[in-house]
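One-letter residues, chain by chain:
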Amino acid sequence: MKNILVLIHDDTGQEARLQVALDVTRMLNGHLTCLDVVIPPAAMTDDMLGGTVGVVLLADEVSRETLNRTRIEDRLSHEEVSWEWAEATGRIAPSLRDASRFADLIVVNRQLHDFPVPDMRAVAAEVIARSRKPVLAVPEDARRLDTECAMIAWNGSTSAMAALRQAIPLLARSERVLLVQVEDGTEGSAEAAASYLSRYDIHARIEHIAASAKGVGPTLVDQAVRHQAGYIVAGGFGRARLAETLFGGVTRELLTNAPCPIFMAH
């Protein structure tokens, strides 16, 4: 995992995305690609008046992102990491997907309360599903990637295995690794997953816990808080239909309420 792609856009989550992406890049001695996305306003598709307004709003967006680029590039010049700049205009998720061909990890936000459109949870979900690359979705108040304790949300699914396997470079650099299996009737041996990790010299402690009355997602969030997890490794979209998993279930719960970054793969 050497090639890190991070979303750049002047919103409330940008500082969190950038700082975590820088931490990962340094940790892995990798290369950071900053994708600055200009988002066309919805008015661009309206009637003649709306289209005119849309052109003005787009010009404002371009101007704002030009200033944003100047600030970020000045900062990156002092960060002592390998980096490059790329630009795109369009929706965030397709722009990230198109830029992710040579990326090993994509850094985005989970939910942003002050930036509701587009819904960053949906962006993260679409990028995971369409790019087939792992995503690190960070809370907007994150200021670093804490590697003291990594929590793996394990249910034995193909997606959980994909996330575990692709997170190995990060797990290997974590001080403690906790493998949590919520007993909700699904099959999948946590012991086998721990044995797999041990061959990479990653020695995970296993916890089997019962799901609370609130469900699997809230139980995992509670466990992350309890153990002060620095990040969570979880499979995205355990069910068959994207529409279900995009707007419901464990994936939505983690993208809404997780107290720390979430490493997700499909």
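All chains use their own residue numbering, which begins from 1 and follows the written sequence. Whole-chain, interface and lining totals are the exception, using all residues; otherwise, since this is a predicted model, local features are given only for residues with pLDDT of at least 70 and side-chain atom pairs are given and counted only at 80 or more. Heavy atoms throughout the structure, all of them, feed into the side-chain values; hydrogens and water do not.

## Points about the layout of surface pockets
Step number 1: Here the second largest pocket is characterised by a volume of approximately 400 Å³.
Step number 2: Every residue lining the second largest pocket is counted, 19 residues in all, and those nearest its centre are Ile39, Pro40, Pro41, Val117 and Pro118.
Step number 3: Helix and strand definitions follow DSSP, with helices as H or I runs of at least four residues and strands as E runs of at least two, each counted in order from the N terminus. Of all the elements in the fold, those that place two or more residues in the lining of the second largest pocket are helix H2 (48-76), helix H3 (92-99) and helix H4 (120-131).
Step number 4: Here the lining of the second largest pocket is built from residues that sort into 13 nonpolar, 1 polar and 5 charged. Here a cavity denotes a set of grid points, spaced 1 Å apart and computed over the protein atoms alone, in which a 1.4 Å probe fits but from which it cannot get out, and a pocket denotes an open set meeting protein on both sides within 12 Å along at least five of seven lines; residues with an atom within 4 Å of a point are reported as lining. Grid points are joined across faces, edges and corners, and a volume is the space filled by probe spheres set on the points. Three categories are distinguished: nonpolar for Ala, Val, Leu, Ile, Met, Phe, Trp, Tyr, Cys and Pro, charged for Asp, Glu, Lys and Arg, and polar for the others, with Gly belonging to the last.

## Remarks on the environment of Trp154
Step number 1: Topologically, Trp154 is positioned in strand E6 (residues 149-154).
Step number 2: Only protein chains enter the area calculation, which uses a 1.4 Å probe; residues under 20% of their type maximum are buried, those over 50% are exposed, and those in between are partly exposed. Assessed through its relative accessible area of 7%, Trp154 is described here as buried.
Step number 3: In the structure, Trp154 is positioned 27 residues away from Gln181 in sequence and 5.0 Å away in space, judged by C-alpha atoms.

## Overview of the sheet that holds strand E5 (residues 135-138)
Step number 1: Spatially, the 10 strands line up as an open sheet ordered E3-E2-E1-E4-E5-E10-E9-E6-E7-E8, and their pairing is mixed. The open sheet is flanked by strand E3 (82-89) and strand E8 (205-210), the only strands paired with a single partner. Strand after strand, the sheet turns through a mean of 25 degrees between neighbouring axes, direction not considered.
Step number 2: Being paired, for any two strands, means DSSP has found at least two bridges between them. Strand direction decides the pairing type here: E6 and strand E7 (residues 176-183), joined by 6 bridges, are parallel. Within the sheet, the bridge partner assigned to Ala153 lies in E7 and is Val180. Every angle, taken between N-to-C directions, lies between 0 and 180 degrees, and every axis is a line fitted to C-alpha atoms, over only the stretch in contact when it is a helix.

## Quick look at unusual backbone geometry
Step number 1: We note that Glu80 has phi near 60 degrees; this positive angle belongs to a residue other than glycine.
Step number 2: Take Glu80: it is sitting in the loop between H2 and E3.
Step number 3: Look at Glu80 and you get exposed, because its relative accessible area is 77%.

## Focus on the environment of Ala234
Step number 1: The residue Ala234 is located in strand E9 (residues 231-235) in this model.
Step number 2: Ala234 sits in the buried class, given a relative accessible area of 4%.
Step number 3: Between the C-alpha atoms of Ala234 and Ala162, which are 72 residues apart in sequence, the distance is 8.9 Å.
Step number 4: When near neighbours in sequence (up to four residues on either side) are disregarded, Ala234 contacts Ala153, Ala163, Leu254, Phe263, Met264 and Ala265. Pairs of residues are marked as contacts when any of their non-hydrogen atoms sit within 4.5 Å.

## Observations concerning the pattern of salt bridges
Step number 1: What makes a salt bridge here is a side-chain nitrogen of Lys or Arg within 4 Å of a carboxyl oxygen of Asp or Glu, nothing more. In total, this model carries 16 salt bridges according to the counting rule given.
Step number 2: Between Arg26 and Glu79 there is a salt bridge, with the nearest N and O atoms lying 2.1 Å from each other. Taken together, the residues span a long stretch of sequence, with Arg26 in helix H1 (residues 14-27) and Glu79 in the loop between H2 and E3 at a distance of 53 residues.
Step number 3: The buried category is assigned to Glu79, whose relative accessible area is 16%.
Step number 4: The residue Glu87 makes a salt bridge to Arg69 at a minimum N-O spacing of 2.8 Å. On the criterion of sequence distance, the pair formed by Glu87 in strand E3 and Arg69 in helix H2 is long-range, its members being 18 residues apart.
Step number 5: For Glu87, a relative accessible area of 54% translates into the label exposed.

## Quick look at H4
Step number 1: The end-to-end C-alpha distance of H4, which contains 12 residues, comes to 16 Å, matching closely the 16 Å that a straight helix rising 1.5 Å per residue would cover.
Step number 2: Extensive coverage of H4 is indicated by the burial of 10 of its 12 residues.
Step number 3: Within H4, burial applies to Met120, Arg121, Val123, Ala124, Ala125, Glu126, Val127, Ile128, Ala129 and Ser131.
Step number 4: Just beyond H4, the residue with positive phi is Arg132, at close to 60 degrees. Helix span, expected: 1.5 Å multiplied by one less than the number of residues in the helix.

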